[in-house]
Amino acid sequence: MMDKVRIYEVGPRDGLQNEKTIVPTQTKVALIDLLSNAGFSHIEATSFVPAKWVPQMADAAEVLNGITRAKSVIYAALTPNIIGYEKAHAAKADEVAIFAAASETFSQKNINCSIAESIERFVPVIERARADNIPVRGYVSCVVGCPYEGEIDPEAVAKVAAKLLDLGCYEISLGDTIGSGTPAKINAMLKAVKEYVPAEQLAGHYHDTNGNALDNVKASLAEGLRTFDSAIGGLGGCPYAPGAKGNVSTVKLAQMLDSENYYTGLDFDVLAQAETLISTLGEHHDR
Ligand code: HMG
Ligand code: MG
């Protein structure tokens with residue numbers, strides 16, 4: 001029997017958040033509606049962050065209210081704090097994600113607080129989500145490298161991942177934010193993290209800046225991971241990580257998994273339509 005891999009589509013959020021030109025809400029809705037027919041169990045639709053931090057996500061509520069929801073799909077949103085959580089819940093996000101970093105400088109630049117402060121900030125989010133029966137995913141950014149601090153110690157990643165798990169996240173997504181990972185670095189990082197978090201509760205979130213993302217996925221498969229984040233068309237980046245390029249492309253990831261005999265359940269025809277739709281967005285590949 002083929003081993004199953006879950007691909008968590010983050011294009012509408014991580015993919016679009018870095019686009020310089022504001023993408024019209026209807027285009028975002030059309031993209032999510034198309035992706036809803038591709039066979040994903042999860043689509044990260046948007047994020048509830050102040051518009052002054054990420055202008056592209058200012059229409060988060062309109063996006064969630066505008067989409068036609070497929071029963072089989074869980075629509076997720078990033079929530080950096082309780083204000084974001086309340087807005088996401090009001091807009092009926094099915095799942096939320098909190099996001100921390102393994103690098104102090106990145107934490108300050110991205111969410112304006114230290115790692116320890118961010119964990120404190122997440123406590124009320126988790127409490128409210130638990131009361132509302134909303135699953136919470138946790139991200140750790142800069143799991144191998146940081147745009148400000150360089151190489152990151154695997155033990156630092158493991159500690160933050162363990163904290164997010166203890167808080168109550170059902171899954172920890174490990175972000176190679178700037179794509180500086182190599183199979184050897186990913187391997188060392190995963191070995192450290194797995195001391196605290198089982199592989200079944202880990203996801204690989206690999207940006208493809210240096211073209212290593214697919215090899216990093218292969219290294220992670222060997223470590224037992226079966227969930228990977230990707231963005232349609234390889235869109236993406238992070239506005240607070242200079243030079244960060246797109247997430248690994250969903251189609252390339254699904255093709256690689258297919259050729260390695262893993263089952264993703266994705267429909268390549270629908271994915272091709274979604275790629276065509278976003279190809280009109282402009283020059284997203286050269287940043
Ligand atoms: P802050 O400015 O320190 O927040 O930002 P604050 O609590 O001082 O509030 C300032 C103002 O914003 C107040 O309004 C708040 O009410 C309001 P004012 O009194 O000035 O009128 N406010 C909000 N409004 C809407 N939604 C909210 C919200 N919160 C406060 N949620 C904060 C702190 C965490 C909010 C900010 O730094 C932030 O949102 N940062 C997020 C930046 C971001 O979205 N980065 C990209 C996502 S992370 C990523 O891409 C990495 C990932 O893909 C994994 C990987 O690749 O590594 C996940
Ligand atoms: Mg990312």
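Presented here is a report on the structure given in the accompanying data block. (Residues numbered from 1 in each chain as written. Chains lettered and ligands numbered in written order. Predicted model: local features only at pLDDT ≥ 70, side-chain atom pairs only at ≥ 80, totals over all residues. Heavy atoms only, no water.)

Taken together, D14 (OD), H205 (NE2) and H207 (NE2) make up the full set of protein donors to the magnesium ion (ligand 2), lying 2.0 to 2.3 Å away. Considered as a linear motif, the donors of the magnesium ion (ligand 2) on their single chain read D-x190-H-x1-H. In this pair, the class of H205 matches that of H207, namely buried. (Donors = N, O, S within 2.8 Å, 3.2 Å for Na, K, Ca; no water. Buried < 20%, exposed > 50% of the residue type's maximum accessible area, 1.4 Å probe, protein only.)

Quick look at helix α4 (residues 82–90) now. Looking only at α4, the buried set comprises G84, Y85 and A88. The buried residues of α4 occupy an angular sector of 100 degrees when projected down its axis, which confines them to one face. Away from the buried face of α4 by more than 90 degrees, exposed residues I83 and A90 are located. Contacts made by the buried residues of α4 are with β4 (74–78), β5 (95–101) and α6 (115–132). Immediately downstream of α4, the backbone of K92 shows phi near 65 degrees, a positive value. (Helix = DSSP H or I, 4+ residues; strand = E, 2+ residues; numbered from the N terminus. Arc of directions from axis to C-beta. Contact = heavy atoms within 4.5 Å.)

Evaluated as defined, the whole model comprises 12 salt bridges. The partner of K194 in a salt bridge is E223, with the nearest N and O atoms 2.7 Å apart. Linking K194 in the loop between α8 (183–193) and β10 (202–206) with E223 in the loop between α9 (213–222) and β11 (227–230), this pair joins segments that are 29 residues apart in sequence. Take K194: its relative accessible area is 31%, and that puts it in the partly exposed class. A residue is classified by how much of its surface remains accessible, and E223, at 11% relative accessible area, is buried. Among the ionic contacts, a cluster of salt bridges with common partners joins R6, R137, E171 and D229. (Salt bridge = Lys/Arg side-chain N within 4 Å of Asp/Glu carboxyl O.)

Attention now goes to the packing of helix α7 (residues 154–167) against α8. At their nearest, the axes of α7 and α8 sit 8 Å apart, and the two run at 40 degrees to each other. In terms of orientation, α7 lies oblique with respect to α8. Here α7 and α8 pass one another in a crossing that is right-handed. Of the residues in α8, those in contact with P154, E155, V157, A158 and A161 of α7 are A188, M189, A192 and V193. Residues that form the contact of α7 with α8 fall into these classes: 8 nonpolar, no polar and 1 charged. (Axes fitted to C-alpha atoms, helices over the stretch in contact; angles between N-to-C directions. Parallel < 35°, antiparallel > 145°, perpendicular 65-115°, else oblique. Left-handed = near helix turned anticlockwise from the far one by under 90°. Nonpolar A, V, L, I, M, F, W, Y, C, P; charged D, E, K, R; others polar.)

With that settled, the discussion passes to the packing of aromatic side chains. The tally for this structure, following the rule as stated, stands at 1 aromatic pair. Here the aromatic rings of Y206 and F228 are separated by 6.5 Å at their centres, their planes lie at 50 degrees, and the arrangement is tilted. Remark: F228 occurs in strand β11 and Y206 occurs in strand β10; sequence separation between them is 22 residues. Sitting over the ring of Y8, R137 keeps its end group 3.7 Å from the ring centre. Lying over the aromatic face of Y139, R137 brings its terminal NZ or CZ to 5.5 Å of the ring centre. (Phe/Tyr/Trp six-rings, centres within 6.5 Å; stacked < 30°, edge-to-face > 60°. Lys NZ or Arg CZ within 6 Å of the ring centre and 35° of its normal.)

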